[in-house]
Amino acid sequence: MTNVQLLKIAEEFGSPVYVYDAEKISNQYNRLTGAFKNVKNLKINYAVKALSNISILKFFNKLGSGIDTVSIQEVNLGLAAGFLPEQIIFTPNGVSLTEIEQAAKLGVQINIDNLSILEQFGTKHPKTPVCIRINPHVMAGGNANISVGHIDSKFGISIHQIPHLLRIVENTKMTINGIHMHTGSDILDIDVFLYASEILFETAKQFKNLDFVDFGSGFKVPYKDGDIETNIEELGKKLSKKFNSFCKAYGKELTLAFEPGKFLVSESGSFLTKVNTVKQTTSTVFAQVDSGFNHLIRPMLYGSHHDIKNISNPNGRERFYTVVGYICETDTFGNNRRINEINDGDILSFKNAGAYCFSMASNYNSRYRPAEVLWYNNKAHLIRKRETFDDILKNQVEINFSEKKETSLVK
């Protein structure tokens, strides 16, 4: 998308506003499927938690994707978007047996990462196929909060607990049809990924009638010019070879599954904000925008980098700015960034705003969550209205404090 198109969207729909480029999403999806073209059975399950707007989900359905869900609400959202139950995998963490049973009743693929829950579910529903999420004890990911395959992680069943796991399967006579792992997000070194895959293959050998092996995701995307990213094409060649060899030894053509979120939608997103004011202090020039970490929390939560461009003045002289929000506590998007000269009213565009941005937004400071727009077929489509004051009050229940206190008749 061009700066002119983004500026028109900001003018038409107001700011702040999230904008997603459908063509970029499609290109990323095709790039991933193309990297694994030598695998006979490939299944891509888009991770709903990255960006859960129902129009985005419908677009992935149109592309031929399945979805990866982590809550019963995401399962129902996927069904509402038109996905069939068999196109949905349910990979929760720390939920109750009741929620897992609710999802199983809907007919989706269940993925369990807890021995206790596995035993309870297998005892009650031995004929329902279950995928098992293992923890390979591989430290990978761009931040401690998104590294989920290490030894101290709450995610997955430890590879050291495989004997216990096998006893549960034997005792309950339950059906295991898949093995899954996810080591973390923003993985740079494909050798780390390939090493973890060997652990997954060794685990899969313990189960005789699998249908699929799920490698999670975690592919890193570039966040700025010249940034390094996961070489998805090289990974495709190397992992495809390993997977095909495993299937031959296993004696069955299995499905290779992935559940990418960030890789598919991160680069498609732009977050547009308006500059409220430029504030000069003794040492810093602040560009203060009409948003905050209530809308885009990743820089404050993960220390993540989002390129910030002044699309109102793309050819202006570069100066150093610290871009901050309007939340009443430390609320910094970027420190001392080289940005084309900023003036009050300019529109700033935050890049890589497609994944884990709107989906993590809140009403902190009683601010409204922004609108969302999908750029599709060279046209801007509103896919979420900006919230209003009525939305803030919608589920609140007011107490009438003017009522007289009831007096007791009991002495």
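In this convention, every chain numbers its residues from 1, walking through the sequence in written order. Per-residue local features are limited, in this predicted model, to residues with pLDDT of at least 70; the limit for side-chain atom pairs, both in listing and counting, is 80 or more; totals at the level of whole chains, interfaces and linings are taken over all residues. Neither water nor hydrogens contribute to the side-chain values; these are computed over all heavy atoms in the structure.

J.: Looking at this model, I keep getting lost on helix α4 (residues 72–80). Mind explaining?
T.: Each α-helix winds once per 3.6 residues, and so residues spaced three or four apart point in a common direction. Only protein chains enter the accessibility calculation, which uses a 1.4 Å probe. A residue is then buried if its area is under 20% of the maximum for its type, exposed if over 50%, and partly exposed in between. Numbering goes from the N terminus for both helices and strands, where a helix is a DSSP run of H or I of at least four residues and a strand is a run of E of at least two. Buried residues of α4: Ile72, Glu74, Val75 and Gly78, and no others. Summarising the axial view, the buried residues of α4 lie within an arc of 160°, below the 170-degree limit, and thus occupy one face. On its buried face, α4 is in contact with α3 (54–63), β3 (66–69), β4 (88–90) and α5 (97–105). What the arc covers is the set of directions going from the helix axis to the C-beta atoms. For this analysis, residues touch if any pair of their heavy atoms sits within 4.5 Å.

J.: Explanation requested: helix α1 (residues 3–13) in the structure shown.
T.: The set of residues buried in α1 consists of Leu6, Ile9, Ala10 and Phe13. Looking straight down α1, one finds its buried side chains confined to an arc of 100°; they lie on one side. Exposed positions of α1 whose direction lies more than 90 degrees from the buried face are Val4, Lys8, Glu11 and Glu12. In the core, the buried residues of α1 are packed alongside β1 (17–21), β11 (269–280), β16 (347–350), β17 (371–376) and β18 (379–384). Where α1 ends, the next residue or the one after it, Gly14, has phi of about 80°, a positive value.

J.: So what exactly am I meant to see when it comes to the packing of aromatic side chains here?
T.: Any aromatic ring pair is given by two values, namely how distant the centres are and how the planes are angled relative to each other. Pairs were defined over the aromatic rings of Phe, Tyr and Trp, the Trp ring being its six-membered one, requiring ring centres within 6.5 Å. Orientation was assigned from the angle between planes: stacked under 30 degrees, edge-to-face over 60, tilted for the rest. By the definition in use, this model includes 17 aromatic pairs. Between Phe193 and Phe219 the ring centres are 5.8 Å apart and the planes differ by 40°, which places this aromatic pair in the tilted class. Here the residue Phe193 occupies a position in helix α8 (residues 190–204), and Phe219 occupies one in the loop between β9 (212–214) and α9 (232–250), the gap between them amounting to 26 residues. Take Phe193 and Phe219: they sit in the same class, and that class is buried. Where Phe293 meets Tyr364, the ring centres are 5.7 Å apart and the plane angle is 20°; that geometry is what we call stacked. With Phe293 in the loop between β12 (285–289) and α11 (298–302) and Tyr364 in the loop between β16 and β17, the pair connects residues that are 71 residues apart, well separated along the chain.

J.: Sorry, what's going on with the state of the cysteines here?
T.: In protein chemistry, a disulfide is the covalent bond that joins the sulfur atoms of two cysteines. By definition, disulfides here are pairs of cysteine sulfur atoms that lie within 2.5 Å. Taken as a whole and assessed by the stated rule, the structure comprises zero disulfides. Here Cys247 is not cross-linked by a disulfide; its sulfur's nearest cysteine counterpart is in Cys131, at 15 Å.

J.: Teacher, can you tell me more about the pairing of strand β5 (residues 109–112) here?
T.: The side chains of a regular strand alternate between the sheet's two faces. Along β5, one buried face is formed by Gln109 and Asn111 and the opposite face, lined by Ile110 and Ile112, is buried too. At least two DSSP bridges between two strands are required for those strands to pair. Across two bridges, the pairing between β4 and β5 is parallel. Across the sheet, the residue bridging to Ile89 is Gln109, located in β5. Convention used here: a crossover is right-handed provided that the path from the first strand, over the helix, to the second strand proceeds clockwise when the strands point away from the viewer. At this point the chain moves from β4, through α5, to the parallel β5, and the crossover so formed is right-handed. As paired strands, β5 and strand β6 (residues 130–135) are joined by three bridges and run parallel to one another. Note on β6: the bridge partner recorded for Asn111 is Cys131. Assessed by its sense of winding, the connection that carries the chain from β5 through helix α6 (residues 115–124) to β6 is right-handed.

J.: Teacher, can you tell me more about the side chain of Ser240 here?
T.: Summarising the element assignment, Ser240 is placed in helix α9. A relative accessible area of 3% means that Ser240 is categorised as buried. Filtering out sequence-adjacent residues up to four positions away, Ser240 remains in contact with Ala35, Phe36, Val39 and Leu235.

J.: Which parts of the structure should I look at to understand a nonpolar patch on the surface?
T.: Patch membership needs two things, relative accessible area over 30% and no salt bridge, and members are linked within 9 Å if like-charged or within 5 Å if nonpolar (Val, Leu, Ile, Met, Phe, Trp, Tyr). Each accessible area is a Shrake-Rupley estimate made with a 1.4 Å probe; only the visible protein chains count as cover when residues are assessed. Criterion for a salt bridge: a side-chain nitrogen of Lys or Arg within 4 Å of a carboxyl oxygen of Asp or Glu. Judged by side-chain polarity, Tyr368, Phe389 and Leu393 come together as a nonpolar surface patch covering roughly 280 Å² of accessible area. In this structure, Tyr368 sits in the loop between β16 and β17.

J.: Whenever I open this one, unusual backbone geometry confuses me. Can you help?
T.: Trans is the prevailing form of peptide bonds, just as negative phi is the prevailing case for residues other than glycine. A cis amide bond links Ser15 with the next residue in sequence, Pro16, at an omega value of -5°. Tracing the backbone shows Pro16 in the loop between α1 and β1. Of note, the phi angle at Asn365 is positive, near 65°, even though the residue is not glycine. Relative to the helices and strands, Asn365 is located in the loop between β16 and β17. Taking the relative accessible area as the measure of exposure, Asn365 reaches 31% and is therefore partly exposed. One non-glycine residue, Asn377, adopts positive backbone phi at about 55°. Its place among the elements puts Asn377 in the loop between β17 and β18.

Any functional reading would require information that these geometric values do not contain.
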